[in-house]
Amino acid sequence: MRKNKLSNAIILVGLAILFILAPLLYPNQSVPFQMMAYMALAQGINLLYGFTGYLPFGYVGFFGSGAYGVSVLVLLLHWSVIPAVIGGGLVAVAVALLLSPLLRLSGAYFSIGSLAASEIVYYIVSNPNMQNITQGPYGVNLAGVYAPNTSYYAMLVILLIFTAVVMYVKNSTFGMSLLAIKEDPVSAAMCGVNVVRNRVVIWLASAFAAGLAGAVYGWYVSVFYPSSVFDLTISIFAIVFTLFGGGGTVLGPIVGTIVLYGLYNTIGVSSPQYFQLIYGLLIVVLVMFLPQGLTSLLKRRGINVP
Amino acid sequence: MSHDALLNVSQVVKRFGGFTALNGVSLSLNRGEILGLVGPNGSGKTTCINVISGLYAPDGGDVSFHGRSLVHVPMFRRALLGINRTFQIPKPFKALTVRENVEVAGAYVGQRKRVVDDPVDFVGLAAFADASASSLTSGQQKMLDLARALSTGPELLLVDELAAGLNPQELDAVAKKLTFLASQGVAMIVVEHLLGFVNQLTQHVIVMNEGREIFEGALSAAAKDPQVTAVYLGQSEVSVRDGRQ
Ligand SMILES: Nc1ncnc2c1ncn2[C@@H]1O[C@H](COP(=O)(O)OP(=O)(O)OP(=O)(O)O)[C@@H](O)[C@H]1O
Ligand SMILES: [Mg+2]
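Definitions and limits used
- Residues numbered from 1 in each chain as written.
- Chains lettered and ligands numbered in written order.
- Predicted model: local features only at pLDDT ≥ 70, side-chain atom pairs only at ≥ 80, totals over all residues.
- Heavy atoms only, no water.
- Donors = N, O, S within 2.8 Å, 3.2 Å for Na, K, Ca; no water.
- Helix = DSSP H or I, 4+ residues; strand = E, 2+ residues; numbered from the N terminus.
- Buried < 20%, exposed > 50% of the residue type's maximum accessible area, 1.4 Å probe, protein only.
- Core = buried A, V, L, I, M, F, W, Y, C linked by side-chain atoms within 4.5 Å.
- Contact = heavy atoms within 4.5 Å.
- Buried area = accessible area lost by both parts, 1.4 Å probe.
- Salt bridge = Lys/Arg side-chain N within 4 Å of Asp/Glu carboxyl O.
- Polar contact = N/O pair within 3.5 Å; in protein donor to acceptor, adjacent residues only side chain to side chain.
- Near = heavy atom within 4 Å.
- Areas by Shrake-Rupley, 256 points an atom, 1.4 Å probe, with all protein chains shown as cover.

## Side note on the coordination of the magnesium ion (ligand 2)
All names here are of chain B. Protein coordination of the magnesium ion (ligand 2) is provided by Thr46 (OG1) and Gln88 (OE1), with donor distances spanning 1.9 to 2.1 Å. A residue pair is termed long-range when its members are at least 10 positions apart, and threonine 46 in helix H1 (residues 45-53) and glutamine 88 in the loop between strand E6 (83-85) and helix H3 (98-108) qualify at 42 residues. Since its relative accessible area comes to 23%, threonine 46 is described here as partly exposed.

## Considering the nonpolar core
Among the nonpolar cores identified, the biggest contains 106 residues, and A:Phe19, A:Leu41, A:Phe62 and A:Trp203 are the most heavily contacted of them. A total of 14 residues in this core trace back to one element, the largest contributor, which is helix H10 (residues 195-221) of chain A. Leaving out residues up to four positions away in the same chain, A:Phe62 has contacts with A:Ala92, A:Val95, A:Ala96, A:Leu99, A:Trp203, A:Ala207, A:Ala210 and A:Gly211. If you look at the next biggest cluster of nonpolar residues, it comprises 34 residues, including B:Ile34, B:Met188, B:Leu194 and B:Phe197.

## Digging into unusual backbone geometry
Positive phi outside glycine occurs at A:Gln135, with the angle close to 65°. Within the element layout of this structure, A:Gln135 appears in the loop between helix H6 (131-134) and strand E1 (140-141).

## Here we look at the interface of chain A and chain B
Listed per partner, the contact involves 16 residues of chain A and 23 residues of chain B. Of the roughly 1700 Å² buried at the junction of chain A and chain B (both faces included), carbon and sulfur atoms supply 72%. On inspection of chain A and its partner chain B, the count reaches 1 salt bridge. Put simply, A:Asp184 and B:Lys91 hold a salt bridge, and the shortest N to O gap is 3.2 Å. Between the two partners, chain A and chain B, sit 6 residue pairs in polar contact (both at pLDDT 80 or more).

## Observations regarding the site of ligand 1
Residues and elements named next belong to chain B. The local shell around ligand 1 holds 15 residues, among which Gly42, Lys45, Thr46, Thr47 and Gln88 are the closest. At a separation of 2.6 Å, an oxygen atom of ligand 1 approaches a polar side-chain atom of threonine 47. The separation between an oxygen atom of ligand 1 and a polar side-chain atom of histidine 193 is 2.9 Å. Contact with the protein chains removes 65% of the 640 Å² of surface that ligand 1 exposes when unbound. Residue assignment for the shell around ligand 1 shows that the elements contributing at least two residues are strand E2 (19-29) and H1.

Listed below in structure tokens is the structure:
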């Protein structure tokens, strides 16, 4: 337990240093910003997938809900931006609460159900009839609160918070109950675990992570469209990063995002044709040889992965 | 039917589609009492345990515990109230170790008083405490089910074919453990095909057939009951001694 505390502290401090230094060393601040956003999303997926086995293809729906939540609260209700960001996160939680019956589905049915649900949210937000509220498909402009540096650090805070949440869940009886539910819900119930409630709690926590990340993303870029914040590529990237690094661990989503998003930015932008090839190969190799993710290499050697 | 009984099952009906698996089953059980529930395959024994533990909602009748109806009480809350069980096909958390399996159960039951301090040791799995549950034999997994149930401090323990596949010495040891639990006040329903094993535990049995009780009384009398012998497929007498059909 003490060992865990130390390695957890090192991870949090390491992340903070990495992303405080990155804009000083790297010419383009938006690259480390996006990396943080993906890392926060990957930790959010990790909360759900890593501990319950539910894989939400439609995860981006919460990200988009958060981005549009902040825009409505700022533009229509004239909230100041920090409360609006938190409000944006809560909008995603409210959407997740409405969608919680999805948890009755399992396996691929859940994944596809969540995908369909996020498409529905997307169509509602982008509907031209919603122009008075969301500006429909025409996008929103938050230029009035534009603050790239503040929002950069806000994303860092969100990343650190949700990394800490994963640490908590991993070492708590709550997390143990989720793993028990994942293994066998009937046995978990006979152990006194409130299966339905615990599943809903982690589902909402996971949605909150994406909602806050989306809200800060919207604030950072300040101009965005439904098609950009509900882009399924965001779901796919975050899921692949999580799986690549290894779900159910603190480090997996961090490592997965650094490696794959790093690769995306080095090769992906300059020579996209090779990038697709290398990306595809990496994922195939991973699925075939390391289905538990990169961190499982260490686990196999008997090293305890935080 | 006594009102101060620990468990009262009255006129329970359970249907699966058009098929009636339980057709008006009633029983009651006091603190520290062991009831043997026997009957041929498919007679409804496991279904009965599933209804009492809350896995299935009955289509009719009532189950009450300490005089309060359980009809709307979900499974996990029944565990917290002191009802627990083992499974005919054992259901351990395979990715967890033996000790972790028991810890999960212990973590949620709060202040319930346990009759055994170390359930893993009690069921004879101490040597496997750090082994993965998936590495256990099926017989050991059943013992792990029992250990997990005991770590919740049950007042009512539902045991579904714990003895299947055990050798005679192991059977003896398990019978002693269950008898000890009863002496500490744990009430038990023991579903079992091995009548010799039931005979070591209790004389009070209910024989089921096709979802109904066809006999309730002493095991020795059951063996001579014509209805009971008839359902045991042509056997003129149910052998109490070794119990193997
Ligand atoms: N979930 C279910 N869906 C449909 N039918 C079921 C279900 N559970 C049990 N049954 C049916 O109900 C009947 C009683 O089953 P049950 O498992 O209670 O028998 P049992 O007395 O425990 O038998 P065994 O000695 O073989 O374990 C069987 O015909 C079985 O097929
Ligand atoms: Mg059965």
